[in-house]
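A closer look at the structure
Here's the letter readout for the chains.
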Amino acid sequence: LDQFEWTFLNEQSSPWQRAFEVKAACVGTVELRTPKAKLQIFNANATPVFNASEEIAGVLVSFEDVTEIEAQRKDLLKAFRELEMNKEQIRRQNEALKDLALRDALTGAFNRRALFEHLDDCWCKKETFQQGIIGIMMDVDHFKKLNDTHGHAVGDIVLKDVARVLRKTIGNDGFVARYGGEEFCVILVDRSIEQGIETAERIRIAIETELAIPY
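Just so we're clear, the structure is a prediction, and the values are computed from it rather than from any experiment.

About the cut-offs
- Residues numbered from 1 in each chain as written.
- Predicted model: local features only at pLDDT ≥ 70, side-chain atom pairs only at ≥ 80, totals over all residues.
- Heavy atoms only, no water.
- Helix = DSSP H or I, 4+ residues; strand = E, 2+ residues; numbered from the N terminus.
- Buried < 20%, exposed > 50% of the residue type's maximum accessible area, 1.4 Å probe, protein only.
- Axes fitted to C-alpha atoms, helices over the stretch in contact; angles between N-to-C directions.
- Parallel < 35°, antiparallel > 145°, perpendicular 65-115°, else oblique.
- Contact = heavy atoms within 4.5 Å.
- Nonpolar A, V, L, I, M, F, W, Y, C, P; charged D, E, K, R; others polar.
- Left-handed = near helix turned anticlockwise from the far one by under 90°.

Here we take up the overall build of the protein. Helices and strands together make up the secondary structure of the protein, namely 6 helices and 7 strands. Mapped in sequence order, the helices and strands of the protein form the string β-α-β-β-β-α-α-β-α-α-β-β-α. Overall, the C-alpha framework of the protein stretches about 110 × 45 × 30 Å when taken along its three principal axes. Relative to its 215 residues, the protein shows a buried fraction of 28%.

As structure tokens, then:
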């Protein structure tokens, strides 16, 4: 057997070598590439044979050809991995779709539906907060006049800029949503009234600094 070029998949030596050394039955999976370069895979079972003096006279080895079974197993593993990848892609796509469904298409802020869902979730968890839930409502002054004077395209730019400044100012500290039209809402959880007032003032200053047009 050792004259053939074996590859031992799960051990450094052959099952028959190990059986001879440990004087006990050994099993293992081996590969053999035939002269025609065809790869064959075997499960090898090696059992030591003892003589009358209880000395090893040799090793009896049986081979089970599992080439096709191994090929099928590899195909199944490949299919399983592809399935897992597809499941992960579907999960990411579903998350992206869910995010799109909860986002305002114009401003990128959360929409009214997402706002109410977030408020429901916060209300259910309110007993775990040491402080309260803060809601800051705001709108863009004279927005109708802005649209009538400069057109809705300019109005859209203003809404997007307001939402951008809100998200930049709030960061991860709160939830920014477009309530409707030119109205926006910020939700803060586990915050005091004083912290809510301070956040509202930061928002006002940020909009005044970044968006107000000087006359």
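One can describe the packing of helix α4 (residues 143-150) onto helix α5 (residues 152-170) by two numbers: an axis separation of 7 Å at closest approach and a directional angle of 135°. The pairing of α4 with α5 is recorded here as oblique in orientation. Here Phe143, Leu146, Asn147 and His150 of α4 lie close against α5, whose contacting residues are His152, Val154, Gly155, Val158 and Leu159. Class assignment of the residues belonging to the contact of α4 with α5 gives a composition of 5 nonpolar, 4 polar and no charged.

On to the packing of α5 against helix α6 (residues 193-210), then. One way to put it is that α5 packs onto α6 with a least axis distance of 10 Å and a crossing angle of 135°. Classified by the angle their axes make, α5 and α6 are oblique. Relative to α6, the crossing made by α5 is right-handed. In contact with Val162, Arg164, Val165, Leu166, Lys168, Thr169 and Ile170 of α5, α6 contributes Thr199, Arg202, Ile203, Ala206, Ile207 and Glu210.

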